[in-house]
Each structure stands twice: as C-alpha cells, then as structure tokens.
Amino acid sequence: MMTGISLSILAGCLLSLQNIFNSKVSEKTGTWVTTALVLGLGFAASLTLGLLFQGTRMFRLGNMEAWFAFSGLLGVGVVVCMVQGIKHLGPTYGVLVALSSQLILALMLDSLGWLGLEKVDFTMKQLIGVLVVIGGAAVFKLSGNKRNARGAVHEHAEMEGLK
Amino acid sequence: MKGILFAVAAGMFITLQGVANSRIGAAIGTWQAAALTQLTGFIAALLLLGLFRRSAGTGLRGVKPLYLTGGAMGAVIVFSNVQAIHAVGITIAAAVLLIAQLSLTFLIDGRGWFGVVKQTMSLPQFLGIAMMIAGVLILRV
C-alpha cells in the first residue's frame, strides 16, 4: 500500500517538474524545439528502460494496429498546449485549468461510454466533484495577484497588436 | 484567454492520451506503448519544427542542462504509475498523482524555485488548491 502511494507521489512530483522544466526550455528555444526534444528524450528513456526490464521482448509488438502509431500526435498536443498554457497563465493556474479540463473530459467519456470505455452512469457525487474542481480554479484566480495583472496587460497589448 | 484555451486543450489531450495509452499498452505492452507513441510524436514534432522554425539555431545551448531532463522523466513517470496502479488500483493512484502534481507545482510557484516568477500565494490561492484537492477526492475516490 505505502509503496504504491509513494510511487504515485513520485510520478506526480516528476510530472510537475517536467511541466516546469519544459516551459523553461521553451523560453530559450521555442515550442517546436521543446516538443521535439521532450518526445525524443522520452522515447530514448522509454526504450532504454523497456530493454532493461524486458530485453528483446521489447521489440515484439504482438497485436499492433495502425492507429497506435498516430496516437503519438496526442503527445505533441499535450506538450505544445501545456507549454503554451504555462507560459500565459503561470505554472499553478495553468496546471489547475488543465487538470479541470482533464477530469471533466474523462468524466464525459465515462458517462457517455465513448471511445470503447465501459459506460459509467453520471452521479450526483460526480456533479458535486466537478463543481468543486471548477470552483477551486475560480477561487484561485479570484484575487488579483501580480501575475494576473501583468497577464491582463499582456493580453491587452496583444489585442492592440491585432488591430 | 489564449492561455486558458491552451490549458483546456492540454487537459483534453492528456485524457485522450490516457485512454489511448491504456488500450495500446494492453495490446503491445506498457514500455512498447510508451516508446512507440513517443517515437512517432518525436517524428511529428521534427516535421513541424522543420515547417515552423524561424531561425537556424535551436537555442538549446542557452538552456540549463537540468531543464533538458524533463523529457526523460516521462519514462520514470510511466514506470511509477504502472507499478502504483498495480499496487493500489487506478482510482487511488490517479488521485494521489494529481494531488502530488498540484501540490509541488503550487510550492514551486509560491517559492519561485527553478527561476519561475514568484507568485504571492495568499488565502484565495490556498483555498483554491484545497478545493481542487477536495474535488479530485470526490471525483476519484
């Protein structure tokens, strides 16, 4: 039990660091170099660990289907959007909004039984959960801290630029 | 507004990726799935880089080496997550992961670690994070 919880905490902390490091890389190199770098290194590390744990079994792709290859594009979407989100909103608010949208879409897919997922009925508990999550993101944003004010100026400047 | 749209899209991609990865993992194995999807993602990103890049250099030399390790963390994240799901089940594993991720991000943001512009965190921010954690627990446990 404790090992499982510790591993989950480790994974969550690494995810947090990963998002922040990636956004740091993009400040110097731009979105596309960052995305290529992140996925390239991710591939190399996964291949290495896979070979370590599984040896040559790693290359046996038993029930391979063509669409598996294209799902790599989802990874591109994750990195690009997360880096951009953090750039505009700061790490915490960016992660808060992404997390809310992640949970809500997961809930929708479950309730509708889409993408081959087993249909799980939408309950009152889940409605309350979603409202608390969205409320949390809103409360976080409520008070005008410095970055919020700067962000507003930034967006204003962008609007001016569009005219 | 632009930031919100990107963050919302990021969250949706994360969920879709989770669904896809668990299907692919079940068919060809977790490590195979992680390596394959990141390889094809890498190739796609290289093509996009070729299309959109504006300057000849990559700017990578100006980046602190520590920050370059972000990508490689993905493999450890996959490993820990798979082991954790095995040990405590997907529900607890997912909830703990989200809460840990949120808490550390909040800490880094509030302390200004890793050169992040320090944010003043006061009561509304603590309350917001607490609600978020409560929401995750209500939804997932």
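Residues numbered from 1 in each chain as written. Chains lettered and ligands numbered in written order. Predicted model: local features only at pLDDT ≥ 70, side-chain atom pairs only at ≥ 80, totals over all residues. Heavy atoms only, no water.

1. Let's talk about the overall build of chain A
Scanning chain A for helices and strands turns up seven helices and zero strands. Taken from N to C terminus, the helices and strands of chain A fall in the order α-α-α-α-α-α-α. Looking at chain A as a whole, 52% of its 163 residues are labelled buried. Counted over contacts in chain A with a minimum sequence separation of 6, partners at least 24 positions apart contribute 52%. Looking at chain A as shown, the accessible area adds up to about 8,200 Å², and 69% of this sits on carbon and sulfur atoms. (Helix = DSSP H or I, 4+ residues; strand = E, 2+ residues; numbered from the N terminus. Buried < 20%, exposed > 50% of the residue type's maximum accessible area, 1.4 Å probe, protein only. Contact = heavy atoms within 4.5 Å. Areas by Shrake-Rupley, 256 points an atom, 1.4 Å probe, with all protein chains shown as cover.)

2. Details of the overall build of chain B
Secondary structure assignment for chain B yields five helices and zero strands. In sequence order, chain B lays out its α and β elements as α-α-α-α-α. In terms of overall dimensions, chain B has C-alpha extents of about 45 × 40 × 30 Å along its principal axes. Counting all 141 residues of chain B, 43% fall into the buried class.

3. Quick look at the pattern of salt bridges
As a working rule, side chains carrying opposite charge can pair if their charged atoms are close by. All names here are of chain A. A full pass over the atoms with the stated rule returns one salt bridge over all chains. Linking Glu27 and Lys24 is a salt bridge whose minimum nitrogen-to-oxygen distance equals 3.5 Å. Within this pair, Glu27 and its partner Lys24 are both found in helix 1 (residues 2–29), separated by three residues, close to a single helical turn. Residue classification places Lys24 among the buried positions, given a relative accessible area of 12%. (Salt bridge = Lys/Arg side-chain N within 4 Å of Asp/Glu carboxyl O.)

4. So, the interface of chain A and chain B
Of the residues lining the interface, 104 residues belong to chain A; the matching set on chain B comes to 98 residues. Buried area between chain A and chain B, summed over both chains or domains, comes out near 9,100 Å², and the portion from carbon and sulfur atoms is 77%. At the surface where chain A touches chain B, the tally comes to zero salt bridges. Between the two partners, chain A and chain B, sit 17 residue pairs in polar contact (both at pLDDT 80 or more). (Buried area = accessible area lost by both parts, 1.4 Å probe. Polar contact = N/O pair within 3.5 Å; in protein donor to acceptor, adjacent residues only side chain to side chain.)

5. Examining the domain arrangement of chain B
Taken domain by domain, chain B consists of domain 1 (1–54) and domain 2 (63–141). A straight line from the C-alpha centre of domain 1 of chain B to that of domain 2 of chain B covers 19 Å. (Domains from an automatic or database assignment.)

6. Brief notes about the packing of helix 1 (residues 2–28) of chain B against helix 2 (residues 30–52) of chain B
All names here are of chain B. Remark: helix 1 packs on helix 2, axes separated minimally by 7 Å, with the N-to-C direction vectors making an angle of 125°. On the basis of their axis angle, the class for helix 1 and helix 2 is oblique. Classified by chirality, the crossing of helix 2 by helix 1 is right-handed. Within the contact between the two elements, helix 1 uses Asn21, Ile24, Gly25 and Ile28 and helix 2 uses Thr30, Gln32, Ala33, Leu36 and Thr37. A per-class count over the contact of helix 1 with helix 2 returns four nonpolar, five polar and no charged. (Axes fitted to C-alpha atoms, helices over the stretch in contact; angles between N-to-C directions. Parallel < 35°, antiparallel > 145°, perpendicular 65-115°, else oblique. Left-handed = near helix turned anticlockwise from the far one by under 90°. Nonpolar A, V, L, I, M, F, W, Y, C, P; charged D, E, K, R; others polar.)

7. So, the packing of helix 1 of chain A against helix 4 (residues 72–89) of chain A
All names here are of chain A. The geometry of helix 1 relative to helix 4 is characterised by a closest axis approach of 9 Å and an angle of 80° between their N-to-C directions. As far as their axial angle goes, helix 4 and helix 1 are roughly perpendicular. Facing Asn19, Asn22, Ser23 and Ser26 of helix 1, the residues of helix 4 in contact are Met82, Val83 and Ile86.

8. Concerning the side chain of Asn19(A)
Position of Asn19(A) relative to the elements: it lies in helix 1. Asn19(A) has contacts with Met82(A), Ile86(A), Val95(A) and Gln101(B), leaving out every residue within four places of it along the chain.

9. Concerning the packing of aromatic side chains
Taken as a whole, this structure holds ten aromatic pairs over all chains when the rule is applied. On the numbers, 4.8 Å between centres and 85° between planes, the contact of Trp67(A) with Phe68(A) is edge-to-face. For Trp67(A), a relative accessible area of 34% corresponds to the partly exposed category. Given a relative accessible area of 1%, Phe68(A) falls into the buried group. For the ring pair Phe140(A) and Phe106(B), a centre distance of 6.4 Å and an interplane angle of 65° mean the geometry is edge-to-face. (Phe/Tyr/Trp six-rings, centres within 6.5 Å; stacked < 30°, edge-to-face > 60°.)

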